[in-house]
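Observations on the model geometry
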Amino acid sequence: MRYRQLGSTDLNVSEISFGTWAIGGAWGDTNDKEALNGLERAMNEGVNFFDTADVYGDGHSEELLAKATKGKEDKIYVASKFCRAGDIHDSTTYSEASVTTYLENTLQRLGRERLDLYQIHCPPMEILKDGNVFHVLDKLQQQGKIRHYGVSVETVEEGLLCLEHPNVRALQVIFNIFRQKPAEQLLPKAKAQGVGILTRLPLASGLLTGKFTKASSFSEDDHRSFNREGEKFNVGETFAGLPFEKGVELSENLNWIADGRGNMTRAALKWILEHEEVTCVIPGFKSVRQVEDNLQAHQSAGYSKEEMNRLHNFYTQNVFPHIRGSY
């Protein structure tokens, strides 16, 4: 495993880490035993960072992480997120009392006294412009309850605004072959300011694994079914904002990236890691097999300049016109 510094923080994290949305819920059937085995396998392979949120399975992902990392709290870093358990447009959701309660509940579920990274969970622009929540996080940091804090954002504009706050140490963004916009301004500016970048949904909800066909279907409790058109939250969180059928069609045109890299999954993750501004990629998983497959990405062959240009042109000409949702 290779490690990268999270911006200017003291956290040196595995460049391939894992998100825990899928093992908590909203991605179809889950299996706690398989999830715990996957977490264990990841740690045995050198993964030392996991991303979660209080709303993933209503706290279940945090509870699973507590079991998996018990006795390893000083070696395994955990990031969690808050605000989506309340009304994200209500300013009281971001008050000192509310955020402190969210944090205490998260720490209790995780079995920890301090959180390594606490992130605002895709708040609306008006909350970021108001800025009071950053003062609340400053206070919690001063109290020693969190080591660092950051923001999970939906748009480049939101990310750039967050960079105006000096104590924001990490941004979590959707970044993959189908969502390249952050590379233009946000990633370079974040790096210049010592802000780490966590890249979520690196496989575009599975499109970039190359395993789907236009006939593929998903269970009712899978966000790839109930949020396909953005019915529940930003459509960009599902299939990178692409209409599913168009996404499948586009992914079929990318089969070539797997040549010499094992498969499309590894190739898609490797593309992200080719960007030096990225601290780590955080794919989700529901099985040990998926963990093992994702971890092979760092051993995959890199991309030539010509290949990178080809993928950028493909995004600009063929993908970007079809992306829906805030970006």
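That block above? That's the structure.
Model, not experiment: these values are computed from the prediction. Within any chain, residue numbers begin from 1 and follow the written order of that chain's sequence. pLDDT decides what is reported in this predicted model: residues at 70 or higher carry local features, side-chain atom pairs at 80 or more are listed and counted, and totals for whole chains, interfaces and linings draw on all residues regardless. As a rule here, side-chain values come from all non-hydrogen atoms in the structure, and water together with hydrogens is ignored.

**Some points on the overall build of the chain**
Test applied: Secondary structure elements are defined from DSSP: runs of H or I of at least 4 residues count as helices, runs of E of at least 2 residues count as strands, and each element is numbered from the N terminus. Taken over C-alpha atoms, the radius of gyration is set against a globule rule of 2.2 Å times the number of residues to the power 0.38. Think of it in three bands: with a 1.4 Å probe and only protein chains considered, a residue is buried below 20% of the maximum accessible area for its type, exposed above 50%, and partly exposed in between. Here, residues are in contact when the closest pair of their heavy atoms is within 4.5 Å. Per-residue accessibility takes into account occlusion by the displayed protein chains alone, with areas from the Shrake-Rupley method and a 1.4 Å probe.
Helix and strand counts for the chain stand at 13 helices and 10 strands. Computed over C-alpha atoms, the radius of gyration of the chain comes to 18 Å, within 12% of the 20 Å expected from 2.2 N^0.38 for 327 residues, which places it in the range of a compact globule. Once the C-alpha set of the chain is aligned to its principal axes, its extents read approximately 50 × 40 × 40 Å. Counting over 327 residues, the chain shows a buried share of 58%. Across the chain, every contact between residues at least 6 apart in sequence was considered, and the portion connecting residues at least 24 apart equals 77%. When the accessible area of the chain is evaluated, it comes to approximately 13,200 Å², of which 44% is carbon and sulfur surface.

**Brief notes about the pairing of strand 5 (residues 77-82)**
What counts is decided by this rule: By this definition, two strands are paired if DSSP reports at least two bridges between them. Seen with its strands pointing away from the viewer, a crossover is right-handed if its path from the first strand over the helix to the second goes clockwise.
With 6 of 6 residues buried, strand 5 lies mostly within the body of the structure. Across the two faces of strand 5 the burial is the same, with Tyr77, Ala79 and Lys81 and Val78, Ser80 and Phe82 all buried. The sheet contact formed by strand 4 (residues 49-51) and strand 5 spans 3 bridges and is parallel. Bridge pairing in strand 5 links Phe50 to Val78. Handedness of the crossover joining strand 4 and strand 5 through helix 3 (residues 60-69) is recorded here as right-handed. Two strands pair when backbone bridges link them, and strand 5 and strand 6 (residues 115-121) are joined in this way by 4 bridges, in the parallel orientation. When the bridges of strand 6 are listed, Phe82 appears paired with Ile120. Tracing the backbone out of strand 5, into helix 4 (residues 96-110) and back to the parallel element strand 6 gives a crossover that is right-handed.

**Observations regarding the packing of aromatic side chains**
Note the threshold: Stacked, tilted and edge-to-face pairs are distinguished by plane angle, under 30 degrees for stacked and over 60 for edge-to-face with tilted covering the rest, among Phe, Tyr and Trp rings (Trp via its six-membered ring) whose centres lie within 6.5 Å. Only when the NZ atom of a Lys or the CZ atom of an Arg is both within 6 Å of the ring centre and within 35 degrees of the ring normal do we say a charge sits over the ring.
All chains considered together, the criterion is met by 14 aromatic pairs. With centroids separated by 6.0 Å and ring planes inclined at 50°, the aromatic side chains of Phe212 and Phe244 adopt a geometry described as tilted. Taken together, the positions of Phe212 in the loop between strand 9 (196-200) and helix 9 (223-226) and Phe244 in helix 10 (residues 244-252) put the pair 32 residues apart, joining distant regions of the chain. Classification of Phe244 as buried rests on a relative accessible area of 1%. Aromatic ring contacts, followed pair by pair, group Trp21, Tyr56, Phe226 and Phe233 into a single cluster. Taking NZ or CZ as reference, Lys181 lies 5.4 Å from the ring centre of Tyr327, over its face.

**Describing the nonpolar core**
Rules: The set of buried Ala, Val, Leu, Ile, Met, Phe, Trp, Tyr and Cys residues whose side-chain atoms join them within 4.5 Å is what this entry labels a nonpolar core.
If you look at the biggest cluster of nonpolar residues, it comprises 89 residues, and the most contacted ones within it are Phe82, Leu137, Leu171 and Phe178. Ranked by size, the runner-up nonpolar core spans 11 residues in total, among them Val13, Ala79, Ala170 and Ile282.

**A closer look at the pattern of salt bridges**
The criterion, for reference: Basic side-chain nitrogens of Lys or Arg form a salt bridge, by our definition, when they fall within 4 Å of a carboxyl oxygen of Asp or Glu.
One pass over the full model with this rule turns up 20 salt bridges. Arg112 is the partner of Asp116 in a salt bridge, and the nearest nitrogen-oxygen pair spans 3.4 Å. Judged on exposure class, the residue Asp116 and its partner Arg112 are both buried. With a shortest N-O distance of 2.9 Å, Glu307 and Arg261 are connected by a salt bridge. Of the two residues, Glu307 sits in helix 13 (residues 305-319) while Arg261 sits in the loop between helix 10 and helix 11 (264-273), which places them 46 residues apart along the sequence. On the basis of relative accessible area, Arg261 is assigned to the buried category, the value being 4%. Several salt bridges share partner residues, and in doing so they unite Asp10, Arg112, Asp116 and Arg147 into one network.

**Observations regarding the environment of His60**
Looking at where His60 falls in the secondary structure, it is placed in helix 3. For the pair formed by His60 and Gly24, sequence separation is 36 residues and the distance between their alpha carbons is 5.5 Å. Apart from residues lying up to four places away in sequence, His60 is in contact with Ile23, Gly24 and Asp32.

**Focus on the sheet that holds strand 6**
Test applied: Fitting a line to C-alpha atoms yields each axis, with helices limited to the stretch in contact; the angle taken between N-to-C directions then spans 0 to 180 degrees.
Read across the open sheet, the 8 strands follow the order 3-4-5-6-7-8-9-10; overall the sheet is parallel. The open sheet is flanked by strand 3 (18-19) and strand 10 (280-281), the only strands paired with a single partner. Relative to strand 8 (residues 168-174), strand 7 (residues 146-152) is paired through 4 bridges, and the arrangement is parallel. Bridging across to strand 8, Tyr149 finds its partner in Val168. Along the sheet face, helix 4 touches strand 5, strand 6 and strand 7 and points at about 130° away from the line of strand 6.

Shape descriptors only; they carry no functional weight alone.
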